[in-house]
Amino acid sequence: MRAVTLPAPDDMDAWREAARALIADDVPPDRVVWQVGAAASDLFAATAEAVSAPPAAASPLRVSRGFIALAGDAVLHQDPERFALLYALLWRLRETPRLVEDHADPLVRRLEGLAKAVRRDIHKMRAFLRFRSVADGVGAGERYVAWFEPEHHIVRANAAFFVNRFASMRWSILTPEVSVHWDGAALHEGPGAARGDAPGGDPIEEVWKTYYSSIFNPARVKVKAMLKEMPRKYWKNMPETALVPQLLASAQARESGMIERARDRTEIGSNVQGAWEALREEALACTRCHLHKHATQTVFGEGPVSAPMMFVGEQPGDQEDLAGHPFVGPAGQMFDRALAAAGITRAETYVTNAVKHFKFEPRGKRRIHAKPDAGEIEACRWWIEQEQMLLQPKVTVALGATAARSLFGKVMTIGRERGREQRLPDGGAAWITVHPSHLLRLPDESAREAEFGRFVEDLRLAHAALG
Ligand code: URA
């Protein structure tokens, strides 16, 4: 029997090193016991052998990107069997290198389930964590502390997200298992904490209360969906949930017939509509990055909130910036033509951009489009994530590399990824294609026609995925 002791419950690198060594030594999965920390180390003391370090230059098994992505998520699950399951899959990849693509295989299915639960937990932490400000010594400036109780071992994996989003603040996230602290320059780790270690009191985002009260949906009082989206255990940490008793009371005071009617799609729709309007209002005053200083206005997404397809472009162009609407200039006209050719109606689509302000370089009287950089895309992701959460489209289509980067949180190669369904980090279905302005830039008519055909075909495939 081999006993492998990993130093931490989320240590993917340690798992990978150990798994490599085991494969190189030809150790079958049923001969391995996986454990974390010192906890169970003497359990198998009599029979366990230590795992040898991998041979220096050995590369026993090449695995696909699909496996790495699946393992990277699944390893963060709280299920104690996850390491063994992953090793069992790795073992079988020796015979069947493309096994990860077999979604009917029970082992693959089980690991996909773990990975999905982890992604959902990551998403919840991003959506529901709330900082509160605390005084932090004379002259030290403000500091923010949040308490969060994740279901899985996601805190370290999620820390970079909060560093990016709140880079200029000093903050701590306290959780039962581990704490992470950002001092404005570096991330430090500390032991787990108790809920009482985090302050109560006023949230920093008062605006969330307004936002939340407008998305509060009495129809959901009785449906699991509300708890699914916002599990009760998070409620106590969220400023806006101070409003819940009041909102519940007024919802219940309305006769049950009203609540029944609230289940009606239109009414649910109008709550989402109200939330979307609150969100848009907030975005109009956005100063999350410097682009707002020179643009005319925020150009927010447009379309019915019930639209099953969300299209994400790069950023508003010159004409969009002046008009305040997305995709109304030359790229928008090309996009409209392609939608029509693909048989997609505007009523089915919500159209938005990864970056909501026009970035340009002045040249004489003209404003020349400039590509948004990674920091600007990241700053604006806040809005696109809120739009996704509210609308929950069945299918999202990234138009061009900037949109893909924003939606997937990493660089995606359009040529390689177009034409097949992708999974967004929150598990939603997505497709990637070129930006319509790419077609406008092609020099000759025949290339333009051919590319237009491919673009339409991509849109058709995405549309067909609605089922
Ligand atoms: N290009 C985009 O990506 N979005 C627009 O709204 C207009 C042009």
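Presented here is an overview of the structure given in this document. (Residues numbered from 1 in each chain as written. Predicted model: local features only at pLDDT ≥ 70, side-chain atom pairs only at ≥ 80, totals over all residues. Heavy atoms only, no water.)

This part is about the packing of aromatic side chains. Following the criterion strictly, the structure yields 14 aromatic pairs and no others. Ring plane angle 50° and centroid distance 6.3 Å describe the contact between Tyr87 and Trp91, whose orientation is recorded as tilted. Note that Tyr87 and Trp91 are positioned in helix α3 (residues 82-93) at a spacing of four residues, about one turn of the helix. For Tyr87, a relative accessible area of 0% translates into the label buried. Taking 6.4 Å as the distance between ring centres and 90° as the angle between the ring planes, the aromatic pair formed by Trp276 and Tyr350 counts as edge-to-face. Separated by 74 residues along the polypeptide, Trp276 in helix α11 (residues 265-284) and Tyr350 in strand β9 (residues 349-353) bring together distant segments of the chain. Chaining the aromatic ring pairs together yields one cluster made of Trp15, Trp34, Phe67, Phe83, Tyr87 and Trp91. Above the plane of the ring of Phe452 lies Arg337, whose end atom (NZ or CZ) is 4.3 Å from the centre. (Phe/Tyr/Trp six-rings, centres within 6.5 Å; stacked < 30°, edge-to-face > 60°. Helix = DSSP H or I, 4+ residues; strand = E, 2+ residues; numbered from the N terminus. Buried < 20%, exposed > 50% of the residue type's maximum accessible area, 1.4 Å probe, protein only. Lys NZ or Arg CZ within 6 Å of the ring centre and 35° of its normal.)

With that settled, the discussion passes to the sheet that holds β9. Pairing within the open sheet is mixed, and its five strands lie in the order β9-β8-β12-β14-β13. Because the sheet does not close on itself, it has two edges, and the strands there are β9 and β13 (422-423). As defined by bridge partners, strand β12 (residues 395-399) adjoins strand β14 (residues 429-433) across five bridges and the pair is classed as parallel. Paired with Leu399 across the bridge in β14 is Thr433. Packed onto the sheet, helix α15 (residues 401-408) meets β8 (309-313), β12, β13 and β14 and runs at close to 135° relative to β12. Across the face of the sheet, helix α18 (residues 445-464) comes into contact with β8, β12 and β14 while running at roughly 175° to β14. (Pairing = 2+ DSSP bridges. Contact = heavy atoms within 4.5 Å. Axes fitted to C-alpha atoms, helices over the stretch in contact; angles between N-to-C directions.)

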